[in-house]
Amino acid sequence: MNMELPGPPRGDGRLRRLGLFLVTGLLVLLVALLWYRLGTRLETPPPDPTPMSAAEQKEYRALQQRAESLEAQIKAFRPTGTYLVIDTGRNLLSLYKNNTKALEAVCSTGSGRALSDPVGHRLWVFDTPRGEFTIRNKYPNPVWIKPDWAFLEEGEPIPRNLAARLAPEELGAYAMDLGDGYLIHGTLYERALGLSITHGCVRLGDRDLESVYRTVRVGTPVYIF
Amino acid sequence: MALAALLAVAAAVSFAAARAAREGASTRGDLDRLRRRVALLECELALARSRKPYLIVDAPGHRLLYGLLGMTVREIPAGEIRIDGLKRAPGAAPAPVTLAGIMTLKEKENDPRLAPLTPEQIEAGASDENVADALPPEAPADFRVQLNQPVALRVEGVPEKDGVFAGATGFWRRLLPGGNRGGSVALRLTVHVEETAAREMYRSLVPGYLLALVAPTGYVFQDAALESPRAVKPGRPARFAAPPPGSAPQGVPFVIPPPVPEGAAGEAGSTGEAAEPASEGAPAPAVEATPEPAPGPSDPRETPPEPQPEPPHGAPPSGSAGMGGGA
């Protein structure tokens, strides 16, 4: 009995060839990328074992003296006594006494976000500034006077009178002024400590805030990085 | 006679070699290492003088060092620091700037400050940090950084948790060359650190941040790739003149953060800008001052939206110290 088997449809062969072509192309691309990455990888050569000449030895001695001098100059910049170091990446505040870490506390620093006021054409950037600061003042029981952005954020109208701006417990039990309106203060939301969520100030938990407040004095350096 | 002279020369050479070995350095390799160390110290001194925080990318040491005023405040181990665009070190003494140099951060990828939120977005719940469900988005673990110099920097966070998906995405991510897209770039720098450390780096790096880079052993940078330490401006110490006793300060100014003109968001909040002291003077005495300031106006640098009917310096209702800063 003769039976004619149905052959494959014409389109299948073309599709198979196209698939094969694509797979081969991808493989070639992958090999090329791997070759690029591995081929351009730096190989650190071994140190040159050739003995130094007399001129090089002279240069070596001069460089040694320069290195010692530079190290001494750099060391002279390092702070001494009591100071604070704030790590904005990890949200950590460290209190140092005589170059020994006396306290490490989880804090919150600026979110880095920006807020624009389309009506007043103003822009605020909520970042904790980096650099060297000093404690300019210390305040017990601070009362926060909410700025315009606080109302804009809450979708509330900016109040006309001062009394409507006062928030007595928002800053916690103590505040330390770093200048330009930036403070180290407490928070009502301790669960958010460790996150970069503030408007530029540095927030601390109640217990750590009290320890820091009682240790630092007006003039204590604060280093923020 | 000739043999004796030869022996004498050989003895002198071996004596010199032994002396150099006693000093701990005898080879050109040691000299090269010291040249790099001095070049880095020159950079670090300039950075310490700037009184701003800085980040040292130590390629030979496979680590990143955060510094401020000459103290290392944090060290991050780096799995790999890949630098494309290096030149083989010449035989002669290379220029110090080709061994180590300084860069300044211009902009980081997807910086939230470049897309300011509007009150409408915030009202819709975009940034109410007091609502647990609306916390700000996590910082990226893989990001590019634009620098003022012709250098492209990419930080790649290596996933700490092993998994099929993380492994596959990490493989493809690392396969593609890092750095900025477009533009003329003399150096492409890719730093592999742990994922958490990469996120922390993203948070800490802001426009204006200073970075120092040391070339790996056997290589030098191109001449115009990095800035010389002399290009860094020295900063002023943050001294603060304490208020004279008896005079009550007029409250903390209402500038958190200071407003900046529209379109200049990339410049605001940069390093050291706010660190400039408002007044230079004698160092603050070590006396605790706890004056009772009166509340200030909403922002002395801004025009109040409407005149305030109340006097700007009235006593706060609780009788406690009034504060203009906050949150």
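Further up the page is the structure itself.
Described below are features of the structure shown in this document. (Residues numbered from 1 in each chain as written. Chains lettered and ligands numbered in written order. Predicted model: local features only at pLDDT ≥ 70, side-chain atom pairs only at ≥ 80, totals over all residues. Heavy atoms only, no water.)

### Quick word on the overall build of chain B
- Across its full length, chain B carries 5 helices and 12 strands.
- Split into buried and exposed, the 327 residues of chain B put 47% on the buried side.
- Accessible surface, chain B: about 15400 Å² in total, of which carbon and sulfur atoms supply 57%. (Helix = DSSP H or I, 4+ residues; strand = E, 2+ residues; numbered from the N terminus. Buried < 20%, exposed > 50% of the residue type's maximum accessible area, 1.4 Å probe, protein only. Areas by Shrake-Rupley, 256 points an atom, 1.4 Å probe, with all protein chains shown as cover.)

### As for the state of the cysteines
- The tally for this structure, following the rule as stated, stands at 0 disulfides over all chains.
- No disulfide involves Cys107 of chain A; its sulfur sits 12 Å from the nearest other cysteine sulfur, which is in Cys201 of chain A. (Disulfide = S-S within 2.5 Å.)

### A look at the sheet that holds strand 4 (residues 80–84) of chain B
All names here are of chain B.
- Pairing within the open sheet is mixed, and its 9 strands lie in the order 3-2-1-10-6-7-8-9-4. Two strands in the sheet have a free side with no partner beyond their single neighbour: strand 3 (71–77) and strand 4. Between one strand and the next, the sheet's axes are offset by a mean angle of 25°, whatever the strand orientation.
- Its contacts with the sheet place helix 2 (residues 28–50) against strand 1 (54–58), strand 6 (100–108) and strand 10 (210–214), and it is angled at close to 50° to strand 6.
- Its contacts with the sheet put helix 5 (residues 195–204) on strand 1, strand 2 (63–68), strand 3, strand 6, strand 7 (142–147), strand 8 (151–158) and strand 9 (187–194), and the angle it makes with strand 9 is roughly 120°. (Pairing = 2+ DSSP bridges. Axes fitted to C-alpha atoms, helices over the stretch in contact; angles between N-to-C directions. Contact = heavy atoms within 4.5 Å.)

### Some words on the nonpolar core
- Formed by 48 residues in total, the largest nonpolar core has its most connected members in Val193 and Met201 of chain B.
- When sequence neighbours within four positions are dropped, the list of residues in contact with Met201 of chain B reads Leu55, Leu64, Tyr66, Ile76, Phe143, Val155 and Val193 of chain B.
- Membership of the second largest hydrophobic core comes to 22 residues, among which are Leu204, Val212, Tyr213 and Ile224 of chain A. (Core = buried A, V, L, I, M, F, W, Y, C linked by side-chain atoms within 4.5 Å.)

### Digging into the pattern of salt bridges
- This model, assessed by the stated rule, comprises 26 salt bridges over all chains.
- Among the ionic pairs, Glu132 of chain A bridges to Arg51 of chain B, the shortest N-O distance being 2.6 Å. With Glu132 of chain A in strand 6 (residues 131–134) and Arg51 of chain B in the loop between helix 2 and strand 1, this residue pair bridges two chains.
- We classify Arg51 of chain B as buried; its relative accessible area is 16%.
- Between Arg154 of chain B and Asp142 of chain B there is a salt bridge, and its shortest N-O distance comes to 3.2 Å. In this pair, Arg154 of chain B is assigned in strand 8 and Asp142 of chain B in strand 7, connecting sequence segments 12 residues apart. Each member of the pair Arg154 of chain B and Asp142 of chain B is classed as buried. (Salt bridge = Lys/Arg side-chain N within 4 Å of Asp/Glu carboxyl O.)

### Notes on the packing of aromatic side chains
- If you walk through the whole model with that rule in mind, you get 8 aromatic pairs over all chains.
- Over the ring of Phe151 of chain A we find Lys146 of chain A; its NZ or CZ atom is 5.1 Å from the centre of that ring.
- It is Lys108 of chain B that lies over the ring of Tyr202 of chain B; its NZ or CZ is 4.4 Å from the centre. (Phe/Tyr/Trp six-rings, centres within 6.5 Å; stacked < 30°, edge-to-face > 60°. Lys NZ or Arg CZ within 6 Å of the ring centre and 35° of its normal.)

### Thoughts on the pairing of strand 2 of chain B
All names here are of chain B.
- Across the 6 residues that make up strand 2, a large majority, 5, are buried.
- Where strand 1 and strand 2 come together, 5 bridges link them in antiparallel fashion. Each bridged residue has a counterpart across the sheet, and for Tyr54 the counterpart in strand 2 is Gly67.
- Between strand 1 and strand 2, which follow one another and run antiparallel, lie 4 residues, and His62 among them has a positive phi close to 50°.
- Relative to strand 3, strand 2 runs antiparallel, the two sharing 6 bridges. Within strand 3, the residue paired with Gly67 across the bridge is Thr72.

### Digging into a nonpolar patch on the surface
- Taken together, Leu15, Leu18, Phe21 and Leu22 of chain A make up a surface patch of nonpolar side chains, about 460 Å² in accessible area.
- Residue Phe21 of chain A is classed as exposed on the basis of its relative accessible area of 62%. (Patch = residues over 30% accessible without salt bridge, like charges linked within 9 Å, V, L, I, M, F, W, Y side chains within 5 Å.)

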